[in-house]
Amino acid sequence: MLNIVLFGPPGAGKGTQSERLIERYGLVHLSTGDIFRANIKGETELGLMAKSFMDQGKLVPDEVTINMLHSEVLKHDNPKGFIFDGFPRTNAQALALDVLLDGLNAPISLMLALEVEESELKVRLLKRAESSGRADDADPAIIENRIRVYNNETAPVKAFYQAQNKFKSIDGIGTIDEITERLFAAIEA
Ligand code: ADP
């Protein structure tokens with residue numbers, strides 16, 4: 001199985017590039033943000049809970065997120081692989097993912113980290129707010145909070161995969177096609 005963690009700060013282009021990767025490699029796309037938003041739309045208990053954190057730009061608690069991800073993974077029978085988008089976002093999540101995938105004999109192959117500087121992220125998120133309808137994209141103070149949470153809690157997850165020799169940094173500045181080519185090259189190297 002080809003199991004990829006697509007990593008990067010909010011606005012780095014994980015969702016856009018995930019679409020390219022699933023098309024080329026036939027992977028199952030698991031975006032925790034998308035799953036939470038679907039639950040909010042469906043007014044589920046999980047959605048209601050997640051919304052209170054997401055609207056403030058905070059992380060949904062690990063236990064909730066890990067349980068949800070776990071059940072999503074198990075929904076798929078004999079997949080070619082997964083692309084994890086927006087997960088893991090903490091070291092505890094990374095550890096839980098390793099345990100889950102070890103049990104399936106299908107470890108993470110690679111973490112691909114899209115690198116984009118902060119000033120560019122803010123521009124992209126405010127632009128996305130015009131079409132996404134996402135409250136967490138429209139408010140500069142919430143964007144600041146998400147970037148702060150990324151730097152404090154999520155960026156350290158890189159070291160987790162570096163220690164396993166699975167980490168690759170990808171320049172996230174350029175055209176969508178250029179960045180896709182960099183990702184393909186990193187996967188096929
Ligand atoms: P972005 O990458 O632009 O921040 P996402 O759709 O990945 O957007 O995430 C939106 C929000 O959903 C996050 O700010 C957070 O509140 C919540 N979320 C998504 N994934 C996780 C996760 N793995 N752990 C905790 N919270 C998460």
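Residues numbered from 1 in each chain as written. Predicted model: local features only at pLDDT ≥ 70, side-chain atom pairs only at ≥ 80, totals over all residues. Heavy atoms only, no water.

**Q** I keep staring at the overall build of the chain and nothing clicks. Help me out?
**A** Helix and strand counts for the chain stand at ten helices and five strands. For the chain, the C-alpha radius of gyration of 16 Å lies close to 16 Å, the compact-globule estimate for 189 residues. Taking the principal axes of the C-alpha coordinates as reference, the chain spans close to 40 × 40 × 30 Å. Counting only residues that meet the buried cut, the chain has 47% of its 189 residues in that class. Per element, the accessible surface of the chain, about 9,500 Å² overall, is 52% carbon and sulfur. Taking the average location of the 21 positive side-chain charges in the chain and that of its 28 negative ones, the two points are 1 Å from each other. (Helix = DSSP H or I, 4+ residues; strand = E, 2+ residues; numbered from the N terminus. Rg over C-alpha atoms; globule rule 2.2 N^0.38 Å. Buried < 20%, exposed > 50% of the residue type's maximum accessible area, 1.4 Å probe, protein only. Areas by Shrake-Rupley, 256 points an atom, 1.4 Å probe, with all protein chains shown as cover. Lys, Arg positive; Asp, Glu negative; His and termini not counted. Charge placed at Lys NZ, Arg CZ, Asp CG, Glu CD.)

**Q** Would you mind showing me how to read the sheet that holds strand E4 (residues 110-115) here?
**A** Backbone-to-backbone hydrogen bonds join strands into a sheet, with any given pair of strands oriented parallel or antiparallel. Overall, parallel pairing links the five strands, which are arranged E2-E3-E1-E4-E5 in an open sheet. In this open sheet, the two strands that pair with only one neighbour each are strand E2 (28-31) and strand E5 (167-171). Ignoring strand direction, the axes of neighbouring strands in this sheet form an average angle of 20°. Relative to strand E3 (residues 82-85), strand E1 (residues 4-7) is paired through three bridges, and the arrangement is parallel. When the bridges of E3 are listed, Val5 appears paired with Phe84. Relative to the sheet, helix H1 (residues 14-25) contacts E1, E2, E3 and E4, its axis offset from that of E3 by approximately 175°. (Pairing = 2+ DSSP bridges. Axes fitted to C-alpha atoms, helices over the stretch in contact; angles between N-to-C directions. Contact = heavy atoms within 4.5 Å.)

**Q** Which parts of the structure should I look at to understand the packing of helix H2 (residues 32-41) against helix H4 (residues 62-74)?
**A** Each pair of packed helices can be summarised by the angle the axes make with each other and by the distance between the axes. Viewed as axis vectors pointing N to C, H2 and H4 meet at an angle of 95°, and their least axial separation amounts to 11 Å. Overall, the two elements H2 and H4 adopt an arrangement that is roughly perpendicular. Between H2 and H4, the contacting residues are Thr32, Ile35 and Phe36 on the first element and Thr65, Met68, Leu69 and Glu72 on the second. Grouping the amino acids of the contact of H2 with H4 by side-chain chemistry returns four nonpolar, two polar and one charged. (Parallel < 35°, antiparallel > 145°, perpendicular 65-115°, else oblique. Nonpolar A, V, L, I, M, F, W, Y, C, P; charged D, E, K, R; others polar.)

**Q** Can you help me understand the packing of aromatic side chains in this one?
**A** Centre distance and the angle of the planes are the two values used to describe a pair of aromatic rings. Throughout the structure, instances matching the rule amount to four aromatic pairs. Arranged with centres 5.6 Å apart and planes meeting at 35°, the rings of Phe82 and Phe84 form a pair that is tilted. Take Phe82 and Phe84: they sit in the same class, and that class is buried. Ring centres of Phe160 and Tyr161 lie 5.1 Å apart, and the angle between their planes is 70°; on these two criteria the pair is classed as edge-to-face. Under the relative-accessibility criterion, Phe160 is labelled buried at 19%. Given a relative accessible area of 0%, Tyr161 falls into the buried group. The positively charged end of Arg24 is found above the aromatic ring belonging to Phe184, 4.1 Å away from the centroid. (Phe/Tyr/Trp six-rings, centres within 6.5 Å; stacked < 30°, edge-to-face > 60°. Lys NZ or Arg CZ within 6 Å of the ring centre and 35° of its normal.)

**Q** For this particular structure, what's the right way to read the nonpolar core?
**A** As a rule of thumb, soluble globular proteins bury nonpolar side chains together. Val5, Leu30, Leu69, Phe84, Leu97 and Tyr161 are the most contacted members of the largest nonpolar core, which has 28 residues in total. Sequence-distant contacts of Tyr161, that is, excluding residues within four places in its chain, are made with Val5, Pro88, Ala94, Leu97, Ile108, Met111, Lys166 and Phe167. Counting 21 residues, the second largest nonpolar core, distinct from the first, contains Ile4, Leu27, Val116 and Leu125. (Core = buried A, V, L, I, M, F, W, Y, C linked by side-chain atoms within 4.5 Å.)

**Q** Before we go on, may I ask you to explain the pattern of salt bridges in this structure?
**A** Oppositely charged side chains can pair when the atoms bearing their charge come close. According to the stated counting rule, one finds 14 salt bridges in the structure shown. Across the salt bridge formed by Asp137 and Arg134, the nearest N and O atoms sit 3.8 Å from each other. With relative accessibility at 18%, the residue Arg134 sits in the buried group. One connected set of salt bridges, linked through shared partners, spans Arg128, Arg134, Asp136, Asp137 and Arg146. (Salt bridge = Lys/Arg side-chain N within 4 Å of Asp/Glu carboxyl O.)

**Q** Help me understand the site of the ligand, please; the structure alone is not making it clear to me.
**A** Close to the ligand lie 19 residues; Thr32, Arg37, Lys58, Gly86 and Arg128 are nearest. Take Arg89: an N or O atom from its side chain is 3.1 Å from an oxygen atom of the ligand. Within the side chain of Gln93, an N or O atom sits 2.9 Å from a nitrogen atom of the ligand. For the ligand, whose unbound accessible area comes to 540 Å², protein coverage reaches 96%. Looking at which element gives the most residues to the shell around the ligand, the answer is H2, with four residues. Split by residue class, the shell around the ligand holds six nonpolar, six polar and seven charged. (Near = heavy atom within 4 Å. Polar contact = N/O pair within 3.5 Å; in protein donor to acceptor, adjacent residues only side chain to side chain.)

That is the geometry; function is a separate question.
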